[in-house]
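# Descriptive structure summary
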Amino acid sequence: VTEKASWRARARHPDHFKKVQCIYPYSWNFNFEVGTNLIKTSFTKVRLLHLGTLYGDRNLNTLLDVIDKINSKSEIQVEIDNIGDVYLENKNHYLNMKFCNLIRPMGRQDALQASNSYDILVLAQHASDISLDTIPYKLYDYINLGKPILALRRNLEIDGLLYGTSSHCCDPNDFEAIAEFL
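Residue positions are given per chain, counting from 1 as you read along its sequence in written order. In view of the model being predicted, local features appear only for residues whose pLDDT reaches at least 70, and side-chain atom pairs are presented and counted only at 80 or more, with totals across whole chains, interfaces and linings using the full set of residues. Side-chain calculation: all heavy atoms of the structure are included, whereas hydrogens and water are not.

### A look at the sheet that holds strand β8 (residues 168-170)
- The parallel open sheet is built from 6 strands, whose spatial order is β5-β3-β1-β6-β7-β8. On the outer flanks of this sheet lie β5 (100-103) and β8, each paired with one strand and no other. Ignoring which end each strand starts from, the neighbouring axes of this sheet average 20 degrees apart.
- Here strand β1 (residues 45-51) pairs with strand β3 (residues 77-83) via 7 bridges, running parallel. Bridging across to β3, V46 finds its partner in V78.
- The contact criterion used is simple: two residues touch if any of their non-hydrogen atoms lie within 4.5 Å. Interaxial angles span 0 to 180 degrees and are taken between N-to-C directions of axes, which are lines fitted to C-alpha atoms, for helices over the stretch in contact. We count a stretch as a helix when DSSP gives it H or I for four or more residues in a row; a strand needs E for two or more, and each element gets its number in order from the N terminus. Seen against the sheet, helix α2 (residues 61-73) touches β1, β3, β5, β6 (120-124) and β7 (149-152) and runs at an angle of roughly 150 degrees to β3.
- Packed onto the sheet, helix α5 (residues 137-145) meets β1, β6 and β7 and runs at close to 165 degrees relative to β6. A pair of strands is considered paired only if DSSP assigns at least 2 bridges between the two.

Now the structure itself:
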């Protein structure tokens with residue numbers, strides 16, 4: 001559970017205070033070597049990947065707006081693939097963007113294998129408060145892949161997990177912060 005969730009559980013169950021711990025899954029497998037997953041410095045195309053279902057306020061809307069602006073004004077072109085289902089009212093908008101590809105869901109191992117061919121992995125949390133206490137399991141997979149991560153997050157604990165890497169954390173709706181990183 002997250003640190004915040006562990007403190008809430010301790011408050012609810014004071015008899016078990018010492019037994020409730022914050023443990024990040026697969027944390028014993030993390031290999032945080034600063035500088036080993038640097039973004040390449042010479043390229044004409046940057047490929048992003050988001051793994052997972054998009055729905056409600058867990059979406060890539062702001063990121064797509066940033067990519068559209070970058071692609072219209074830069075020699076460097078950005079494209080993004082989403083491996084997973086999309087349950088959004090504006091799904092057709094995603095499908096009509098030349099730089100956005102929606103790929104059918106696949107098994108976890110196959111998706112992680114596919115992730116190796118991308119430059120940046122995208123974590124998209126809900127833009128609402130529902131994500132304040134959660135850390136998606138795929139973040140640990142992303143970390144273990146050693147690729148730069150663009151974490152569109154609400155939970156600030158994610159910043160601590162990614163500190164010292166070539167990753168970037170910002171609010172899912174922060175157009176300027178996303179654009180600066182890309």
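The rest of the description comes next.
### With respect to the nonpolar core
- The definition of a nonpolar core used throughout is a set of buried Ala, Val, Leu, Ile, Met, Phe, Trp, Tyr and Cys residues joined through side-chain atoms within 4.5 Å. Relative accessible area decides the class of each residue, using a 1.4 Å probe on protein chains only: under 20% of the type maximum gives buried, over 50% gives exposed, and in between gives partly exposed. Residues L48, L60, L63, L64, I80, V122 and L150 are the most contacted members of the largest nonpolar core, which totals 26 residues.
- Every element with two or more residues in this core is listed here: β1, α2, β3, β6, β7 and α7 (175-181).
- Among the elements that take part in this core, α2 stands out by supplying 5 residues, more than any other.
- Residue contacts for L63: discarding those within four places in its chain leaves L48, I80, V122, L150, L152, I178 and L182.
- Among the nonpolar cores identified, the runner-up in size contains 19 residues, and L49, Y142, I143 and I149 belong to it.

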